[in-house]
Each structure stands twice: as structure tokens, then as C-alpha cells.
Amino acid sequence: APALAQEWKEFESTQDRFTCNFPGDPNIADTTFTSQFGHQLRARLYSVELARNHRFSVTVVDYSNITELGLAKQKACPAGSEACRGGSGAPGNSTGPGYSKADRAGAIIYATWQFMQRDAKVTHLLWTNISLVEGHQIRLLNNADKSLTAASVFMHEDKLYIAEGTVPAGYPEPGLFYQSLGFQDENGNGIRYADFYHNGFPKPPLQGGGGGAAPAGRGQGIREGV
């Protein structure tokens, strides 16, 4: 099979602080992502397409300025429109300005829901983690062409990571693609926590108490954003 003949490489983005194995050099494109409550967020798409119905991608969505976007939205809301304005963002408030707090808290579920809206049968959906960073894993059988899509969704340091692999009917599941995802600290070191990481909550200590270890294969694959 052509995909099996491709040279898989570990790709590293210090800009978006992740590593992942791709079957070749990914194309990189700036894009936008519409959140659950309508905020237009900066995003970056890393993708490799080998053939029709044979593609691999990681989309990284930046939620770090969601509060500022919510405040701007709140100012433009009609008077008395709570469904647009949301709350103040003070402790105990569940929505945040422009529903930005709820937007960030529900990002993983919302991204998973987008997969479920496709013309496809969901055959697998579960909670998962990579390096103790929590996320979702989903598998779809696409109704039109019987291709298989396997994906995972994680959120780390206010960045949403959507790793998606699609293969033609009869090919092995692309599970090793999304399972190869790894996260980095601000210095480009690989991260593995000592307990589960939940975005928006205090970070647990790293295993070993250090600053992380260099990702496996670092310096041997593709590197971007240095």
C-alpha cells in the first residue's frame, strides 16, 4: 500500500508546542476556528494528503485570547441580551464575558461534537489521555466511501489540538498517527505529568519533578517554528 511505503517522520512545532509523526513533510496553513459561542479563533493546520481519502492533519486552535474576544463581543451585544453578553468572569460565574469562560471549558466536547455531525457512523468514542493530558478519542466510518477516520482531541495550555487521520476502506486504522501526539513546554521539552492535566485548572507536577525531557527522536525529524 502506498501509505505504508511513505517515510514517517517526527515533526516538531515549537511555535504550537507539539510533536507528531507524519508520513512526509506537512503543509502548514493559518486558518480560523469558530468556537461554540461564535468566537473566531486563530488556528493553524498541519496536513499531509497522500491521495483521495488518505490524509493526516493536526489542527491547533488558540484559545488564549478568548476572554478578550468575549469582552469585545459583550460590548456589542444588544441591551439586556444575556444570551449574548454572558457574565462578568468573576469567580463563581459560569459563563464569562460573551460566554468566553464556557467556550474554553467546553472546547474538547465541542470539537468532538463537530466530528459527530459528519455523514458518518460513530463506531468508537471514549475518554483518553496522552502524557496525562486528558482528551477524547473518536472513530468514524464514513458513509459515502467507507473510509475510516480516527481522531483525538486534547487541550493543553489553552491550545486545542485536533489530530485526525483518514484512510481508504480496507486500510489499517491510523491510530498510531494520533497516538504519536506529544506536548512541549515553553523550552521545547517533552512533557509528561504525574497526574491528570485538565486545562484551566492548576497544573500537576511533572513526572520526576523536572522540566521535562527532550522528545524522542528530536533532531532526527522535521522541525518548524524555531
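Coordinates for the structure precede this section.
**Section: the overall build of the chain**
Assigned secondary structure in the chain consists of 6 helices and 11 strands. Across the 226 residues of the chain, 48% fall into the buried class. The contacts of the chain with a sequence gap of at least 6 include a subset with a gap of at least 24, amounting to 52%. Summed over all atoms, the accessible surface of the chain reaches about 11,300 Å², with 51% contributed by carbon and sulfur.

**What to know about the side chain of Thr 95**
With respect to the helices and strands, the residue Thr 95 is situated in the loop between helix H3 (82-85) and helix H4 (100-105). Once residues within four sequence positions are removed from consideration, Thr 95 is found in contact with Gly 86, Gly 87, Ser 100, Lys 101 and Ala 102.

**Some points on the sheet that holds strand E8 (residues 148-156)**
Backbone hydrogen bonds are what pair the strands of a sheet, in a parallel or an antiparallel way. A sheet is described by the order of its strands in space; here 7 strands give the open sequence E3-E4-E5-E9-E8-E7-E6, paired in antiparallel fashion. Whereas interior strands pair on both sides, the edge strands pair on one side only; in this sheet they are strand E3 (27-34) and strand E6 (120-130). Averaged over all pairs of adjacent strands, the angle between strand axes in this sheet comes to 20°, irrespective of strand direction. Two elements, strand E5 (residues 54-62) and strand E9 (residues 159-167), share 8 bridges in a ladder whose sense is antiparallel. Paired with Thr 59 across the bridge in E9 is Ile 162. Each of E3, E6, strand E7 (133-142), E8 and E9 is contacted by helix H5 (residues 107-116), which is oriented at about 5° to E7, the strand it contacts most.

**Some remarks on helix H2 (residues 66-76)**
Those residues of H2 lying buried are Ile 66, Gly 70 and Gln 74. End-on view of H2: buried residues confined to an arc of 75°, all on one side of the axis. Exposed side chains of H2 directed beyond 90 degrees from the buried face belong to Lys 75 and Ala 76. Structurally, H2 contributes buried residues whose contacts are with strand E4 (40-51), H3 and H4.

**A look at the nonpolar core**
One finds Phe 18, Phe 22, Val 58, Phe 177 and Leu 181 to be the most contacted residues of the largest nonpolar core, which totals 26 residues. Of all the elements in the fold, those that place two or more residues in this core are strand E2 (18-22), E4, E5, E8, E9 and helix H6 (175-179). Residues contacting Phe 18, with those up to four places away along its chain left out, are Phe 11, Glu 12, Ser 13, Tyr 46, Val 58, Val 60, Tyr 161, Leu 181, Gly 182, Phe 183 and Gln 184. The next biggest cluster of nonpolar side chains, apart from the first, holds 19 residues, and it includes Ala 43, Tyr 110, Ala 111 and Val 153.

**Some words on the pairing of E5**
Among the 9 residues in E5, 8 count as buried, and that is most of the element. Bridge count for E4 against E5 is 8 bridges, and the pairing is antiparallel. Considered in E5, the bridge of Val 48 is made with Phe 56.

**Some remarks on a nonpolar patch on the surface**
A grouping of Trp 113, Met 116, Val 122 and Leu 125 is seen on the molecular surface, where their side chains present a nonpolar patch of about 350 Å² in accessible area. Note that Trp 113 resides in helix H5. Residue class for Trp 113 comes out partly exposed when judged on its relative accessible area of 45%.

**A short note on the pattern of salt bridges**
Under the criterion given, the structure shown has 10 salt bridges. With a closest N to O distance of 3.3 Å, Lys 159 and Asp 16 form a salt bridge. In this pair, Lys 159 is assigned in strand E9 and Asp 16 in the loop between strand E1 (9-13) and E2, connecting sequence segments 143 residues apart. An identical accessibility class is assigned to Lys 159 and Asp 16; each is buried. Among the salt bridges present, the one from Glu 186 reaches Arg 17, with a minimum N-O distance of 4.0 Å. Pair noted here: Glu 186 is in the loop between strand E10 (182-183) and strand E11 (222-224) and Arg 17 is in the loop between E1 and E2, with a separation of 169 residues, a long-range link. One network of salt bridges, in which partners are shared, links Asp 16, Asp 30, Arg 44 and Lys 159.

Conventions adopted
Residues numbered from 1 in each chain as written. Predicted model: local features only at pLDDT ≥ 70, side-chain atom pairs only at ≥ 80, totals over all residues. Heavy atoms only, no water. Helix = DSSP H or I, 4+ residues; strand = E, 2+ residues; numbered from the N terminus. Buried < 20%, exposed > 50% of the residue type's maximum accessible area, 1.4 Å probe, protein only. Contact = heavy atoms within 4.5 Å. Areas by Shrake-Rupley, 256 points an atom, 1.4 Å probe, with all protein chains shown as cover. Pairing = 2+ DSSP bridges. Axes fitted to C-alpha atoms, helices over the stretch in contact; angles between N-to-C directions. Arc of directions from axis to C-beta. Core = buried A, V, L, I, M, F, W, Y, C linked by side-chain atoms within 4.5 Å. Patch = residues over 30% accessible without salt bridge, like charges linked within 9 Å, V, L, I, M, F, W, Y side chains within 5 Å. Salt bridge = Lys/Arg side-chain N within 4 Å of Asp/Glu carboxyl O.

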